[in-house]
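Structural overview for review
Okay, here's what each chain looks like letter by letter:
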Amino acid sequence: MSVALLFKVGLPCLFIASVLFVHFRGQARLPLLRQTFNYSALFTPYNSLMYLFSSTPSRPYVERRDFPELDLLRDNWQTIREEALALFDEGYIRAALHDNEAGFGSFFKKGWKRFYLTWYDGPLPSARTLCPNTVELLGRLPCVKGAMFALLPGGSHLNPHRDPFAGSLRYHLGLATPNSDACRIYVDGRPYAWRDGEDVMFDETYVHWVRNESEVTRVILFCDIERPLPTPLRQINRWVSGTLGRATAPQNVEGERVGAINRAYGTFKRGGDRIGAQIKRFKRRFPWAYKVLKPVLAVLLLVLLYRWIVG
């Protein structure tokens, strides 16, 4: 078998195998078609490598005690809470200014809001000014690659999803929460209820969703923590995550730098809203045609992408 033929056969097989590996990992799953054609599928070969060599067990929830350096955040939760609530009162915890946030764009429709503290390249200028104590605490923790205050109003929810990149783990610290089981996150179907001053870690590439069935707004500290890996992979992961981080750089206020992916997302989103309205009208008028055409077009797109890659 020639190298070219091996590449043409091996590449799609590797992609399909990694998609299936991620899809069947855990108990909660997205529909297979959605998983296959979701943008997160592009990372499944890389993510599979992360899972296989991660120093943390492959479980939905990660043992918080395995990351003792994060005690610094939990021990100073009241200081962090004070700055978060001041930002909330002043209206700085909000949706993206120009609908230019690829990673969390769909969350804003549910009332989810955020204020970025640091993002891979370092603290945002607005965060240095408005919440210096929290930024200083985060600066003592090299394992924290990204951090924000995240708000979810009462009566809202986030639908089941999996984050696309397995190079990090997710850390949540309760700051101002309902302190009730009515406000919970479900990771691979297993619930966790936030409490003020308590923290949790989980693998955000498992399917997870959120329900705030209380009447109280939930505010947490939300961090991306570098996944523990052996030395060669750790260096590769730092380069990959740094590159993606720069490309997805967010902004809290006007004038802060926006990464290339987020700029492109904002441009396409504004144009795509008009196309999306047309698609919704077609779906309402011809629901059966929509159900048939959606998978057919998805398969066609995948074939065209494959042909483009292999030439």
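Every chain is numbered on its own, with residues counted from 1 as its sequence reads. Given that this is a predicted model, residues contribute local features only at a pLDDT of at least 70 and side-chain atom pairs are listed and counted only at 80 or more, while totals for whole chains, interfaces and linings are drawn from all residues. Excluding hydrogens and water, the side-chain figures rest on all heavy atoms present in the structure.

**Observations concerning unusual backbone geometry**
Which entries qualify depends on this criterion: Per the convention used, a helix needs a DSSP run of H or I reaching at least four residues, while a strand needs a run of E reaching at least two, with both numbered from the N terminus. Type-normalised accessible area, obtained with a 1.4 Å probe on protein chains alone, sets the label of each residue: buried when under 20%, exposed when over 50%, and partly exposed for intermediate values.
In this structure, Asn 179 is a non-glycine residue whose phi angle is positive, near 50 degrees. Counting through the fold element by element, Asn 179 comes out in the loop between strand S5 (168-176) and strand S6 (183-187). Overall, the relative accessible area of 37% leaves Asn 179 in the partly exposed class. A positive phi angle, near 55 degrees, is found at Asp 188, a position not held by glycine. Position of Asp 188 among the secondary structure elements: in the loop between S6 and strand S7 (190-193). Asp 188 sits in the buried class, given a relative accessible area of 5%.

**Focus: the state of the cysteines**
In plain terms, the rule: Here, the term disulfide refers to a pair of cysteine sulfur atoms separated by no more than 2.5 Å.
Inspection of every chain in the model, using the stated rule, returns zero disulfides. Considering cysteine sulfurs only, Cys 143 is the nearest to Cys 223, which forms no disulfide, with 8.5 Å between them. Judged by its relative accessible area of 0%, Cys 223 is buried.

**What to know about the sheet that holds strand S1 (residues 61-62)**
Put simply, the rule is: Two strands pair if DSSP finds at least two bridges between them. Contacts are assigned to residue pairs with any non-hydrogen atoms lying within 4.5 Å of each other. Between the N-to-C directions of two axes lies an angle of 0 to 180 degrees, each axis being a line fitted to C-alpha atoms and, for a helix, fitted only over the stretch in contact.
Here we have six strands laid out as an open sheet, ordered S1-S8-S5-S10-S3-S2, and antiparallel in their pairing. Either end of the sheet is taken by a strand with one partner, and the two such strands are S1 and strand S2 (113-119). Contacting S2, strand S3 (144-152) and strand S10 (218-226), helix H7 (residues 132-139) runs over the sheet at an angle of about 50 degrees to S2.

**A short note on the packing of aromatic side chains**
The geometry of two aromatic rings is summed up by the distance between their centres and the angle between their planes. Applicable threshold: Only Phe, Tyr and Trp rings are paired, with Trp represented by its six-membered ring, and only when their centres lie within 6.5 Å; those with planes under 30 degrees apart are stacked, over 60 edge-to-face, the remainder tilted. To sit over a ring, a charge needs its Lys NZ or Arg CZ within 6 Å of the ring centre and within 35 degrees of the ring normal.
All told, the structure shown has twelve aromatic pairs when counted by the stated rule. When the centroid spacing of 6.4 Å and the interplanar angle of 80 degrees are considered together, the rings of Tyr 92 and Phe 115 count as edge-to-face. With Tyr 92 in the loop between helix H5 (77-89) and S2 and Phe 115 in strand S2, this residue pair connects regions lying 23 residues apart in the sequence. We classify Tyr 92 as partly exposed; its relative accessible area is 24%. Through pairs of rings, three or more aromatic residues link up here, namely Phe 104, Phe 107, Phe 108, Trp 112 and Phe 222. The ring of Tyr 206 carries Arg 25 above its face, with NZ or CZ at 4.0 Å from the centroid. Geometry around Trp 194 places Arg 218 over its ring, the cationic atom sitting 4.6 Å from the centre.

**Points about the layout of surface pockets**
The condition that has to hold: Grid spacing is 1 Å over the protein atoms alone, the probe is 1.4 Å, and a cavity is where that probe fits but cannot get out, while a pocket is an open set with protein on both sides within 12 Å along at least five of seven lines and lining residues have an atom within 4 Å of a point. Grid points are joined across faces, edges and corners, and a volume is the space filled by probe spheres set on the points. Basically, the charged four are Asp, Glu, Lys and Arg, the nonpolar ten are Ala, Val, Leu, Ile, Met, Phe, Trp, Tyr, Cys and Pro, and anything else, Gly included, counts as polar.
Of the volumes computed, that of the second largest pocket is approximately 170 Å³. Trp 119, Asp 121, Gly 122, Pro 123, Leu 124, Pro 125, Ala 249, Pro 250, Glu 256 and Arg 257 are the residues that line the second largest pocket. Residues that form the lining of the second largest pocket fall into these classes: six nonpolar, one polar and three charged.

**Notes on a positive patch on the surface**
The condition that has to hold: Exposure above 30% relative accessible area and the absence of a salt bridge qualify a residue for a patch, where like charges join within 9 Å and nonpolar side chains (Val, Leu, Ile, Met, Phe, Trp, Tyr) within 5 Å. Accessibility throughout is a Shrake-Rupley quantity obtained with a 1.4 Å probe, and a residue counts as covered only by protein chains that appear here. Note on definitions: salt bridges are taken to be side-chain nitrogens of Lys or Arg within 4 Å of carboxyl oxygens of Asp or Glu. Think of it this way: Lys and Arg go in the positive column, Asp and Glu in the negative one, and His and the chain ends go nowhere. Lys charges are placed at NZ, Arg charges at CZ, Asp charges at CG and Glu charges at CD.
A contiguous patch of positive charge on the surface is contributed by Lys 109, Lys 280, Arg 281, Lys 283, Arg 284 and Lys 291. Ranked by the residues each element gives to the positive patch, the list is headed by helix H9 (residues 260-285), at four residues. Looking at the element boundaries, Arg 284 is found in helix H9.

**A few points about a nonpolar patch on the surface**
A grouping of Ile 16, Leu 20, Phe 24 and Leu 32 is seen on the molecular surface, where their side chains present a nonpolar patch of about 360 Å² in accessible area. Within the secondary structure, Leu 20 sits in helix H1 (residues 3-23).

**Let's talk about the environment of Thr 44**
Position of Thr 44 relative to the elements: it lies in helix H3 (residues 44-53). Residue classification places Thr 44 among the buried positions, given a relative accessible area of 1%. Residues Thr 44 and Phe 165, spaced 121 residues apart in sequence, show a C-alpha to C-alpha distance of 8.3 Å. Each residue touching Thr 44, except ones within four places of it in the same chain, is listed here: Phe 15, Ser 18, Val 19, Val 22 and Gln 35.

**Comments concerning the packing of H5 against H7**
When two helices pack together, their arrangement is given by the angle between the helix axes and the distance between those axes. What counts, and what does not: In these notes the angle categories are as follows: under 35 degrees is roughly parallel, over 145 is roughly antiparallel, 65 to 115 is roughly perpendicular, and the rest is oblique. Rotating anticlockwise by less than a right angle from the far helix to the near helix defines a left-handed crossing, while the corresponding clockwise rotation defines a right-handed one.
With their axes 8 Å apart at the nearest point, H5 and H7 run at an angle of 135 degrees to one another. As summarised for this structure, H5 and H7 are arranged oblique, according to the angle between their axes. In this structure, the crossing between H5 and H7 has a hand that is left-handed. On the side of H5, the interface is formed by Thr 79, Ile 80 and Glu 83, while H7 contributes Pro 132, Asn 133, Thr 134 and Leu 137. When its residues are assigned to classes, the contact of H5 with H7 shows three nonpolar, three polar and one charged.

**Some points on the environment of Leu 32**
Inspection of the secondary structure assignment puts Leu 32 in helix H2 (residues 32-37). Here Leu 32 falls in the partly exposed class, since its relative accessible area comes to 40%. Sequence spacing of Leu 32 and Leu 20 is twelve residues, and the spatial spacing of their C-alpha atoms is 8.5 Å. Contacts of Leu 32, omitting those with residues within four sequence positions, involve Leu 20 and His 23.

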